[in-house]
Amino acid sequence: MESTASTQSPGLGGLWLPLITPFRDGELDERSLRRLVAHYAAEPIDGFILGATTGEGMALDEAECERVVAITNQALAGSGRRIPVYFGLSGSDTRKSVKALERMAAWGVDGYLIACPYYTRPSQRGLFAHFSALADATDRPILIYNIPYRTGVNLGNETMLQLAERRNIVGVKDCSADATQSFDLLRHKPRDFAVLTGEDPLFYTALTQGAEGGITASAHVQTAAFADVRNRLLAGDQAGALSAWQRLADLPRLLFAEPSPGPIKHWLWRAGLIDSPEMRLPMVPVSDDLALRIERAIAAQDGCR
């Protein structure tokens, strides 16, 4: 059976991991971060996103952001594997965002994931002008992050396709929460503009409709299984991909049962990949009930090995 998944975009594609940021005693936990990067560098991921929503980027100060990038690059160099590193950027003042890109130019990131301006709810013309200004401010690739249920504004497909004409606006993390909008974008987008789903429960569905991949927080757990779903679709094994996804489908529900990245951090802590599940306020650790559910899932997974 022929897969309905599209050929990978020449620009971007595959399984991207929005890496959590580990903390301990109120500080960046550099030892755990090195351990995480080394671990995932050995997994079948195609890129890292640092400092975005899953990475609690809005709770990091500028020095910590720069340090996260430096540690990640050092750990990747030690792993011997070259993996693209993008950094998450958000803000509602275009001038401040331009200045941030100028400061980050020397950090050693390969590109940026930039969210739509939050709270201010600009018009489509305002969104076009905002992202155009940011594209002019850097020569590195930009992924747009469209997530209206967080920002309060939806970047429509007409505006998105106009922005896709920019040389360094290379794709979108699609969290529009509108199935029709997502499908129509996949129908009409240029071949070299990548649509990466950011909705973990819709990973399989998005791939079957033509998405080039996903930025998938749940892939902190069972990383290879997420990659296998996509690889099977690309190989034309849709039945095998569906079967693989059916085995995975409950995992995103568990890991998003409470605000992310709390459940993911708890799993990684119990699995020994980070030294603490600590979050920064206003984010808090998972409830006792969810902690027990996660620990049961870990035990069940270990029992299947």
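Before reading on, note that the structure itself is shown above.
Quick look at the structure, then. (Residues numbered from 1 in each chain as written. Predicted model: local features only at pLDDT ≥ 70, side-chain atom pairs only at ≥ 80, totals over all residues. Heavy atoms only, no water.)

**Looking at the pattern of salt bridges**
- Scanning all chains against the criterion turns up 16 salt bridges.
- A salt bridge links Arg-67 to Glu-30, with the shortest nitrogen-to-oxygen separation between them at 2.9 Å. With a gap of 37 residues between them, Arg-67 in helix H2 (residues 62-79) and Glu-30 in helix H1 (residues 30-41) connect regions that are remote in the sequence.
- Here Asp-93 makes a salt bridge to Arg-95, at a shortest N to O gap of 3.3 Å.
- Residue Arg-95 is classed as exposed on the basis of its relative accessible area of 63%.
- Each member of the salt-bridge network shares a partner with another, and the members are Arg-24, Arg-31, Arg-35 and Asp-275. (Salt bridge = Lys/Arg side-chain N within 4 Å of Asp/Glu carboxyl O. Helix = DSSP H or I, 4+ residues; strand = E, 2+ residues; numbered from the N terminus. Buried < 20%, exposed > 50% of the residue type's maximum accessible area, 1.4 Å probe, protein only.)

**Description of the packing of aromatic side chains**
- Scanning all chains against the criterion turns up five aromatic pairs.
- Judged by centre distance (5.8 Å) and plane angle (90°), the ring pair of Phe-87 and Trp-107 falls under edge-to-face. Placement of the pair is Phe-87 in strand E5 (residues 85-89) and Trp-107 in the loop between helix H3 (94-104) and strand E6 (111-115), with a sequence separation of 20 residues.
- Judged by relative accessible area, which is 4%, Phe-87 ranks as buried.
- Classification of Trp-107 by relative accessible area gives buried; the value is 11%.
- Site record: aromatic cluster; members linked through ring pairs are Phe-203, Phe-226 and Trp-245. (Phe/Tyr/Trp six-rings, centres within 6.5 Å; stacked < 30°, edge-to-face > 60°.)

**Brief notes about unusual backbone geometry**
- Omega for the peptide link from Ser-260 to Pro-261 comes to 10°, which places this bond in the cis form.
- With an omega of 15°, the peptide bond between Leu-281 and Pro-282 qualifies as cis.
- Phi at Arg-121 takes a positive value of approximately 55°, unusual for a residue other than glycine.
- Here Arg-121 lies in the loop between E6 and helix H4 (124-136).
- Relative accessible area serves as the criterion here: at 61%, Arg-121 is assigned to the exposed category.
- With a phi angle near 55°, Gln-222 is a residue other than glycine that sits in the positive phi range.

**Concerning the pairing of strand E9 (residues 194-197)**
- By the alternation rule, side chains of E9 split into Ala-194 and Leu-196 and Val-195 and Thr-197, which are all buried.
- Here strand E8 (residues 169-174) runs beside E9; their pairing, made up of four bridges, is parallel. Bridging from a neighbouring strand, Lys-173 pairs with Leu-196 of E9.
- Crossover E8 to E9 through helix H7 (residues 179-188) is right-handed.
- With two bridges joining them, E9 and strand E10 (residues 213-215) adopt parallel strand pairing. In the strand pairing of E10, Leu-196 is matched with Gly-213.
- What joins E9 to E10 is helix H8 (residues 203-208), and the crossover it makes is right-handed. (Pairing = 2+ DSSP bridges. Right-handed = clockwise from strand over helix to strand, strands pointing away.)

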